[in-house]
Amino acid sequence: MLLTRDGIKDIDKWRHAGIKLPNYDVEKVAEKTKQNPTWLHFGAGNIFRGFIALLQQNLLDKGLSKTGIIAVESYDYEIIEKIYVPYDNLSLLVIMHADGTLEVEVIGSISDKILADPLREDWVKLKNIFANPSLQIVSFTITEKAYNLKDFSGEYIKEVKEDIENGPEKPHGLMAKIVSLIYTRYLKGQYPIALLSLDNFSGNGERLFSSIKTITEEWVKKGFIEGKFLDYLTNPAKVSFPLSMIDKIVPRPSEEIKKKLEDLGIEKMDIIKTGKNTIIAPFVNAEKIHYLVIEDKFPNGRPPLEEAGVIFTDKETVEKVERMKVTTCLNPLHTTLAIFGCLLNYNTIADEMRDPCLKKLVEKIGYEEGLPVVVHPGVLDPKEFLREVIEVRFPNPYMPDTPQRIATDTSQKMAIRFGETIKSYKQREDLNVTDLKYIPFVIAGWCRYLMGVDDEGKAMTLSPDPLLEDLKSHVSKIKLGDVDSIQDNLKPILSNEHIFGLNLYEVGLGEKIENYFKELIIGPGAVRRTLEKYLENVNIYRKNY
Ligand SMILES: NC(=O)C1=CN([C@@H]2O[C@H](COP(=O)(O)OP(=O)(O)OC[C@H]3O[C@@H](n4cnc5c(N)ncnc54)[C@H](O)[C@@H]3O)[C@@H](O)[C@H]2O)C=CC1
Ligand SMILES: O=P(O)(O)OC[C@H]1O[C@](O)(CO)[C@@H](O)[C@@H]1O
């Protein structure tokens with residue numbers, strides 16, 4: 001069986017293999033999408049194909065929408081060449097249940113693909129879509145770093161500097177490309193549009209707005225674009241930047257799942273790693289559980305995604321639910337497992353959850369240090385959400401999720417995942433920031449991880465991170481087994497407000513982290529011994545709401 005538009009016409013074969021097919025005519029939907037584009041999505045990677053495209057597929061299946069999504073890739077063109085083109089934009093979604101059963105579905109809701117490159121013909125096509133009044137949503141899953149305009153030291157990064165100098169004709173970075181494209185829409189008729197970040201960090205819509213506004217202001221200053229464009233961009237009745245909270249664990253494609261699909265008779269299921277490090281396949285493996293909460297601010301309308309389970313609500317509620325997930329009940333625990341999982345050579349997050357010390361560590365961080373500062377968002381219950389994460393989602397033995405994947409870009413995540421809780425402790429009169437024990441311990445663990453040596457003392461490969469070289473340059477002077485070599489080498493990291501959102505010494509945690517770190521570098525095996533020291537004989541207290 002071939003995963004192509006022709007291939008899926010052999011309906012009986014697919015059904016016989018137990019694979020669900022789209023309940024609509026994929027080609028007709030693609031044709032309608034061409035005439036009437038409503039939804040563009042930037043970032044054609046795994047979560048898009050495993051979650052966002054599934055939502056639209058649900059609507060198409062139920063006859064509640066007539067058009068698909070157009071995938072746009074602005075960064076890693078190999079994804080389109082190798083994973084979209086050969087499969088006619090179709091993908092296979094493989095849901096992995098905790099009992100080992102698989103649910104496989106062909107996703108046909110991605111109706112077209114475009115390379116957002118001003119040097120290619122596709123750029124004209126993209127501009128035309130942006131100029132089309134029918135366009136309602138431009139969404140993004142482009143990773144957190146793609147929104148950054150400035151580097152570590154607060155200076156514009158090189159590509160952004162060049163984009164600012166060169167103007168809207170041939171932008172390189174995605175933020176500049178978006179300004180250029182929205183400007184086209186403005187010139188064509190000032191049509192309304194929602195720019196929806198679905199990336200996994202606090203205030204995602206606001207950060208998107210801020211980056212786009214910054215580039216716009218620079219171009220207005222330089223006379224590349226007219227000042228009135230700023231009025232359009234900052235008018236929420238014209239251009240909106242809804243906040244969102246997105247939650248579905250979509251690990252990288254696994255060899256085991258590839259083999260299972262091949263055993264079902266599906267050909268060409270190879271997993272690739274692109275030159276830009278995207279690990280992607282014609283299939284996406286994911287968990288069944290997911291949550292998407294979006295601020296309901298769509299000036300040009302939107303598909304009825306509530307019928308596919310999306311919760312639409314007001315800004316304050318999204319903020320609360322997002323804080324609940326990203327700063328307390330899921331992502332800090334994930335990052336904790338990532339760091340210690342790499343150090344202790346675990347292959348999956350699920351395996352780590354069977355390690356009593358690691359399970360207690362995430363329980364301590366979630367129930368005891370995180371939950372007290374969570375404001376109940378109403379639409380989801382924090383304690384139940386946390387329970388589901390710890391008892392159901394992370395331990396799913398069939399989820400091939402690796403600590404190394406979650407450890408990617410940790411420097412970009414620290415401020416949100418741990419810094420926010422530290423800030424809350426600082427602000428709250430009834431809480432004392434220096435009472436925090438386990439969050440500082442994880443930060444020490446991250447510094448230990450950055451040494452690039454596992455707990456056995458063997459060299460380990462660190463996951464990609466935009467600050468890796470800088471961070472490594474500080475810890476490279478520290479030696480495993482030589483506690484005195486710490487000297488002042490952690491100071492530049494722990495005092496960096498860009499990384500943690502605050503200076504950890506100023507809040508009284510810097511020395512505590514250094515002390516934990518010293519314990520972690522005593523020698524090989526010290527990570528395990530320190531975990532046991534602080535977690536083996538402790539009880540967990542669960543706050544009641
Ligand atoms: N995988 C998951 O479980 C979930 C991911 N997300 C969000 O989606 C993001 C992407 O995740 P995946 O799709 O799984 O990763 P992926 O590695 O499969 O895809 C990443 C996508 O981002 C694009 N990208 C990376 N750097 C970029 C840059 N500088 N400029 C423009 N585009 C860039 C890539 O080209 C690719 O399309 C995550 O960082 C997270 O914020 C949200 C919820 C779940
Ligand atoms: O640490 P990252 O790269 O944001 O990934 C975190 C993982 O957890 C999630 O937050 C689950 O929703 C997803 O974003 C992803 O599976």
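Bear in mind the structure is a predicted one, so any value in this text is a computation, not a measurement.

Glancing now at the site of ligand 1. Around ligand 1 sit 23 residues in total, of which N46, E73, D199, N200 and V250 are the nearest. Backbone polar atom of I142 to a nitrogen atom of ligand 1: 3.3 Å apart, as the coordinates give it. Between D199 and ligand 1, the recorded distance is 2.7 Å, taken from a side-chain N or O atom to an oxygen atom. Residue composition of the shell around ligand 1, by class: ten nonpolar, eight polar and five charged.

Let us now look at the site of ligand 2. The environment of ligand 2 is made up of 14 residues, and the closest members are N200, D247, K325, N331 and R405. Taking D247, its side chain carries an N or O atom lying 2.5 Å from an oxygen atom of ligand 2. Between ligand 2 and K413 there is a distance of 2.8 Å, counted from an oxygen atom to a side-chain nitrogen or oxygen. When ligand 2 sits alone it has 370 Å² of accessible area, and the protein chains cover 84% of it. Counting only elements with at least two residues in the shell around ligand 2, the list comes to β10 (244-247), α12 (331-343), α16 (403-406) and α17 (410-427). Split by domain, the residues of the shell around ligand 2 number at least three in each of domain 1 (7-313) and domain 2 (315-535).

Sheet architecture is open: four strands sit in the order β1-β5-β4-β13, paired in mixed fashion. The open sheet terminates on both sides in strands that have one partner only, identified here as β1 (19-20) and β13 (283-286). As judged from the six bridges shared by strand β4 (residues 91-96) and strand β5 (residues 102-107), these two strands associate in the antiparallel manner. In the strand pairing of β5, I95 is matched with E103. Relative to the sheet, helix α3 (residues 46-61) contacts β1, β4, β5 and β13, its axis offset from that of β5 by approximately 75°.

So, about the sheet that holds strand β9 (residues 239-240). Here six strands make up an open sheet; going across it, the order is β6-β3-β2-β7-β8-β9 and the pairing parallel. The sheet is open, and its two borders are formed by β6 (110-115) and β9, each paired with just one other strand. Both strand β2 (residues 39-42) and strand β3 (residues 69-73) contribute to a ladder of three bridges, which runs parallel. Along β3, the bridge assignment pairs L40 with I70.

A few words on the environment of K315. If you trace the backbone, K315 turns up in helix α11 (residues 315-329). If near-sequence neighbours (up to four positions away) are discounted, K315 is found in contact with E206, L243 and E295. Side chain to side chain, K315 and E206 meet in a polar contact 3.0 Å long.

Running from N to C, α12 and helix α14 (residues 356-370) point in directions that differ by 150°, and their axes come no closer than 9 Å. By the angle between their directions, the pair α12 and α14 is classed as roughly antiparallel. At the point where α12 passes α14, the crossing takes the right-handed sense. Contacts between α12 and α14 involve P332, L333, T336, L337 and F340 from the first element and L358, L361, V362, I365 and G366 from the second. Among the residues forming the contact of α12 with α14, the class breakdown is eight nonpolar, two polar and no charged.

On to the domain arrangement of the chain. When the domains of the chain are assigned, the result is domain 1 (7-313) and domain 2 (315-535). The gap between the C-alpha centroids of domain 1 and domain 2 is 30 Å. With 37 residues of domain 1 at the interface, the matching set in domain 2 holds 39 residues. Across the domain 1/domain 2 interface, buried area totals approximately 3,200 Å², and carbon plus sulfur atoms make up 62% of it. The interface formed by domain 1 and domain 2 includes four salt bridges. In this structure, D409 engages K145 in a salt bridge whose closest nitrogen and oxygen atoms are separated by 3.1 Å.

Turning our attention to the packing of α11 against helix α15 (residues 382-393). The relative placement of two packed helices is expressed as an angle between their axes plus a distance between the axes. Their axes nearest at 11 Å, the elements α11 and α15 cross at an angle of 45°. For the element pair α11 / α15, the angle class is oblique. Read as a crossing pair, α11 and α15 show a hand that is right-handed. Contacts from M324, K325 and C329 in α11 reach P382, F385, L386 and V389 in α15. Each residue belonging to the contact of α11 with α15 can be placed in one class, and the counts come to six nonpolar, no polar and one charged.

What counts and how
Residues numbered from 1 in each chain as written. Chains lettered and ligands numbered in written order. Predicted model: local features only at pLDDT ≥ 70, side-chain atom pairs only at ≥ 80, totals over all residues. Heavy atoms only, no water. Near = heavy atom within 4 Å. Polar contact = N/O pair within 3.5 Å; in protein donor to acceptor, adjacent residues only side chain to side chain. Nonpolar A, V, L, I, M, F, W, Y, C, P; charged D, E, K, R; others polar. Areas by Shrake-Rupley, 256 points an atom, 1.4 Å probe, with all protein chains shown as cover. Helix = DSSP H or I, 4+ residues; strand = E, 2+ residues; numbered from the N terminus. Domains from an automatic or database assignment. Pairing = 2+ DSSP bridges. Contact = heavy atoms within 4.5 Å. Axes fitted to C-alpha atoms, helices over the stretch in contact; angles between N-to-C directions. Parallel < 35°, antiparallel > 145°, perpendicular 65-115°, else oblique. Left-handed = near helix turned anticlockwise from the far one by under 90°. Buried area = accessible area lost by both parts, 1.4 Å probe. Salt bridge = Lys/Arg side-chain N within 4 Å of Asp/Glu carboxyl O.

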